[in-house]
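# Coordinate analysis (summary)
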Amino acid sequence: MRLATDVSELPSMAEVLSMSGLEFMQGILDGTVSGPPISGTLGYILHAVEPGRAVFRGAPEFEVTNPMGTVHGGWYGTLLDSAMACAVMTMVPRGSVYTTLEYKINIVRSIPLGMAIECVGEVDHSGRSTGIAHGEIRGIEDGKLYSTGSTTCIIMDMARR
């Protein structure tokens, strides 16, 4: 996986629309499509994709803490949004795109800084215009649940626009 370092390295809309969502996500995973720079900023990367499922791995570091020195809730939310929405993307047909309409997270417990985690997003429904998914963050070594989430995404057929 390689991350874009400049906006010119991100795929154009024409490039995105030329692939199915699964092909697009596989391209990010294998490095033929530049990954989003937010992954580097927040310390997580795409680890695996398959139809209806996306897996990210990472470890929160000091840069993502709140004033109390614990992992900021926005880190949990951004990671879960990435995994759940990318799971939906794997179900999007060629010529279409998606975006998150809403998401919700529940933080179960604080993730210790530097601890390796896995975040899995899985699709519950993928239709013509909406995708619904859920996700969870678990510790890789301890297997404990740290956070859960759910999302609704809109799927847009760009050929009809």
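Residues numbered from 1 in each chain as written. Predicted model: local features only at pLDDT ≥ 70, side-chain atom pairs only at ≥ 80, totals over all residues. Heavy atoms only, no water.

## Remarks on the overall build of the protein chain
Helix and strand counts for the protein chain stand at four helices and six strands. Of the regular secondary structure in the protein chain, the N- to C-terminal order runs α-α-α-β-β-α-β-β-β-β. The C-alpha radius of gyration computed for the protein chain amounts to 15 Å, which stays within 12% of the reference 15 Å derived for 161 residues, consistent with globular compactness. C-alpha atoms of the protein chain, sized along the principal axes, occupy 50 × 30 × 25 Å. In the protein chain, which comprises 161 residues, the proportion classed as buried is 41%. (Helix = DSSP H or I, 4+ residues; strand = E, 2+ residues; numbered from the N terminus. Rg over C-alpha atoms; globule rule 2.2 N^0.38 Å. Buried < 20%, exposed > 50% of the residue type's maximum accessible area, 1.4 Å probe, protein only.)

## Brief notes about the pattern of salt bridges
One pass over the structure, following the stated rule, counts four salt bridges. Arg 94 is paired through a salt bridge with Glu 23; the nearest N and O atoms lie 3.4 Å apart. With Arg 94 in the loop between α4 (73–89) and β3 (96–107) and Glu 23 in helix α2 (residues 21–30), the pair connects residues that are 71 residues apart, well separated along the chain. Residue Arg 94 is classed as exposed on the basis of its relative accessible area, which comes to 52%. A salt bridge links Glu 136 to Arg 138; its shortest N-O distance comes to 2.6 Å. (Salt bridge = Lys/Arg side-chain N within 4 Å of Asp/Glu carboxyl O.)

## Observations concerning the pairing of strand β1 (residues 44–50)
Here β1 pairs with strand β2 (residues 53–58) via six bridges, running antiparallel. The residue of β2 that forms the bridge with Val 49 is Ala 54. As consecutive antiparallel partners, β1 and β2 are separated by two residues, and within that stretch Gly 52 has a phi angle of approximately 80 degrees, a positive value. (Pairing = 2+ DSSP bridges.)

## Considerations on the packing of aromatic side chains
One pass over the structure, following the stated rule, counts three aromatic pairs. Both rings, one in Trp 75 and one in Tyr 76, keep their centres 6.3 Å apart while their planes meet at 85 degrees; by these two values the pair is edge-to-face. Comparing Trp 75 with Tyr 76, the two get one shared label, buried. Directly above the aromatic system of Tyr 146 lies the positively charged group of Arg 109, at a separation of 5.8 Å from the ring centroid. (Phe/Tyr/Trp six-rings, centres within 6.5 Å; stacked < 30°, edge-to-face > 60°. Lys NZ or Arg CZ within 6 Å of the ring centre and 35° of its normal.)

## A short note on the environment of Leu 17
Relative to the elements of secondary structure, Leu 17 occurs in helix α1 (residues 13–17). Judged by relative accessible area, which is 22%, Leu 17 ranks as partly exposed. Along the sequence, Leu 17 and Cys 86 sit 69 residues apart, while their C-alpha atoms lie 15 Å from each other. With residues near it in sequence (within four places) discarded, Leu 17 still touches Arg 94, Gly 95, Ser 96, Val 97 and Met 158. (Contact = heavy atoms within 4.5 Å.)

## Notes on the sheet that holds β1
Strand pairing in a sheet is mediated by backbone hydrogen bonds. Such pairs are either parallel or antiparallel. Pairing within the open sheet is antiparallel, and its six strands lie in the order β1-β2-β4-β5-β6-β3. Each edge of the open sheet carries a strand with a single partner, namely β1 and β3. For this sheet, the mean angle separating the axes of adjacent strands, direction not counted, is 20 degrees. Bridging between β2 and strand β4 (residues 117–126) involves six bridges; their strand directions are antiparallel. Each bridged residue has a counterpart across the sheet, and for Gly 58 the counterpart in β4 is Ile 117. (Axes fitted to C-alpha atoms, helices over the stretch in contact; angles between N-to-C directions.)

## Points about α2
Looking only at α2, the buried set comprises Gly 21, Leu 22, Phe 24, Met 25, Gly 27 and Ile 28. Summarising the contacts, the buried residues of α2 are in contact with α1, β1 and α4. Backbone geometry just downstream of α2 places Gly 31 in the positive-phi region, at approximately 90 degrees.

## Examining the side chain of Ser 34
Following the sequence through the fold, Ser 34 ends up in the loop between α2 and α3 (38–42). Engagement of the side chain of Ser 34 in a polar contact is seen with the side chain of Arg 2, the distance being 2.5 Å. Of note is the side chain of Ser 34, whose polar atom sits 3.0 Å from the backbone oxygen of Glu 9. Sequence-distant contacts of Ser 34, defined by excluding residues within four places in its chain, comprise Arg 2, Ala 4, Glu 9, Pro 11 and Ile 28. (Polar contact = N/O pair within 3.5 Å; in protein donor to acceptor, adjacent residues only side chain to side chain.)

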